[in-house]
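Analysis of the macromolecular model
Chain by chain, the residues run as shown.
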Amino acid sequence: DKLAARGSRVDDLYSNLALNIDQATAATSGFITRSDLASSANALTLAGVKATSKEYADLTRMVGVYADAQGKDVPEAVKATIEALAKGQSRGLKEQGILIDATKAAEAYAKAHHKAADALSEHEKRQAVFAATLVQMRAKVGEATIGTEGAGEGFERLKVALTDSLDAVSLWITRSPFLQDA
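Residues numbered from 1 in each chain as written. Predicted model: local features only at pLDDT ≥ 70, side-chain atom pairs only at ≥ 80, totals over all residues. Heavy atoms only, no water.

**Structural notes on helix 8 (residues 122-141)**
Structurally, the α-helix is built with 3.6 residues per turn, so residues lying three or four positions apart point the same way. For helix 8, built from 20 residues, the straight-helix expectation of 28 Å at 1.5 Å per residue is met to within 8% by its first-to-last C-alpha distance of 28 Å. In this structure, the buried side of helix 8 is in contact with helix 3 (34-46), helix 4 (53-69), helix 5 (74-87), helix 6 (90-94) and helix 7 (102-112). Following helix 8 by one or two positions, glycine 142 adopts a phi angle in the positive range, close to 65 degrees. (Helix = DSSP H or I, 4+ residues; strand = E, 2+ residues; numbered from the N terminus. Expected span 1.5 Å × (residues − 1). Contact = heavy atoms within 4.5 Å.)

**Topic: the pattern of salt bridges**
Evaluation of the coordinates by the stated rule reveals 5 salt bridges. Across the pair arginine 138 and aspartate 58 runs a salt bridge, and its minimum N-O distance is 3.4 Å. Taken together, the residues span a long stretch of sequence, with arginine 138 in helix 8 and aspartate 58 in helix 4 at a distance of 80 residues. Salt bridges linked by common partners bring Lys54, Asp58 and Arg138 together as one network. (Salt bridge = Lys/Arg side-chain N within 4 Å of Asp/Glu carboxyl O.)

**Considering the environment of isoleucine 82**
On the secondary structure map, isoleucine 82 appears in helix 5. Judged by its relative accessible area of 2%, isoleucine 82 is buried. The sequence separation of isoleucine 82 and valine 63 amounts to 19 residues, and the corresponding C-alpha distance is 9.7 Å. When residues no more than four places from it in sequence are discounted, the contact partners of isoleucine 82 are Ser40, Ala43, Leu44, Tyr56 and Leu59. (Buried < 20%, exposed > 50% of the residue type's maximum accessible area, 1.4 Å probe, protein only.)

**Comments concerning the packing of helix 5 against helix 8**
For the pair helix 5 and helix 8, the least separation of the axes is 7 Å and the interaxial angle reads 140 degrees. Of the possible angle classes, the one that applies to helix 5 and helix 8 is oblique. Mapping the contact onto sequence places Leu85, Ala86 and Lys87 in helix 5 and Arg126, Val129, Phe130 and Thr133 in helix 8. Looking at side-chain class alone, the contact of helix 5 with helix 8 contains 4 nonpolar, 1 polar and 2 charged residues. (Axes fitted to C-alpha atoms, helices over the stretch in contact; angles between N-to-C directions. Parallel < 35°, antiparallel > 145°, perpendicular 65-115°, else oblique. Nonpolar A, V, L, I, M, F, W, Y, C, P; charged D, E, K, R; others polar.)

**Structural notes on the nonpolar core**
If you look at soluble globular proteins, the nonpolar side chains tend to sit buried side by side. Counting 40 residues, the largest nonpolar core has Leu44, Tyr56, Leu59, Val63, Leu85, Leu93 and Phe130 as the members making the most contacts within it. When contributions to this core are tallied by element, the ones reaching two or more residues are helix 2 (22-27), helix 3, helix 4, helix 5, helix 7 and helix 8. (Core = buried A, V, L, I, M, F, W, Y, C linked by side-chain atoms within 4.5 Å.)

**Here's the deal with a negative patch on the surface**
A cluster of like negative charges, contributed by Asp36, Asp73, Glu76 and Glu83, occupies part of the molecular surface. Mapping aspartate 36 onto the fold places it in helix 3. (Patch = residues over 30% accessible without salt bridge, like charges linked within 9 Å, V, L, I, M, F, W, Y side chains within 5 Å. Areas by Shrake-Rupley, 256 points an atom, 1.4 Å probe, with all protein chains shown as cover. Lys, Arg positive; Asp, Glu negative; His and termini not counted. Charge placed at Lys NZ, Arg CZ, Asp CG, Glu CD.)

**Focus: the side chain of glutamine 127**
Structurally, glutamine 127 can be placed in helix 8. In this structure glutamine 127 comes out as buried when scored by relative accessible area, which is 11%. What glutamine 127 contacts, discounting residues up to four positions off in sequence, is Gly48, Val49, Lys50 and Tyr109.

**Points about the side chain of threonine 25**
By the element assignment, threonine 25 lies in helix 2. For threonine 25, a relative accessible area of 18% puts it in the buried group. Setting aside residues no more than four positions away along its own chain, threonine 25 makes contact with Gly30, Arg34 and Leu37.

These figures capture arrangement, not role.
This is the structure we're talking about:
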């Protein structure tokens, strides 16, 4: 029953995705579970932040690389960054080493969209912080990938792979016609 319930939650999460997380899964080198990536993608979408699947993959990769270089927990850093972006909080980004002036980001966004900064909606302000974050992280990280050389990283990737496998089995169970109650 627990496995079936888990599969149902995973199915709901994946079916509601606006972003394709396959790119983000590859970009994070197996350090973050698919369900965590899907949950973060949904948080961004629900907050009104418009991102392409590539932008989301780039963001998760760049935040992961930066967190790994700082000795931080990669999944936690990505989750905290996404939460801050969903809320439009530059203070939450600062804790991850991302220094964004929300006012300047909004002014730049407004100028690019031929609007007055004070006329931006809350969604547009969050979009402005998201865009500024991508620019800053590209400048800091570029095309680097998350390090995979240490034994600790290997065990972390194994743990993520096992969690993803459990999610896949749970999903299969909930969809299997052989295991449904008659």
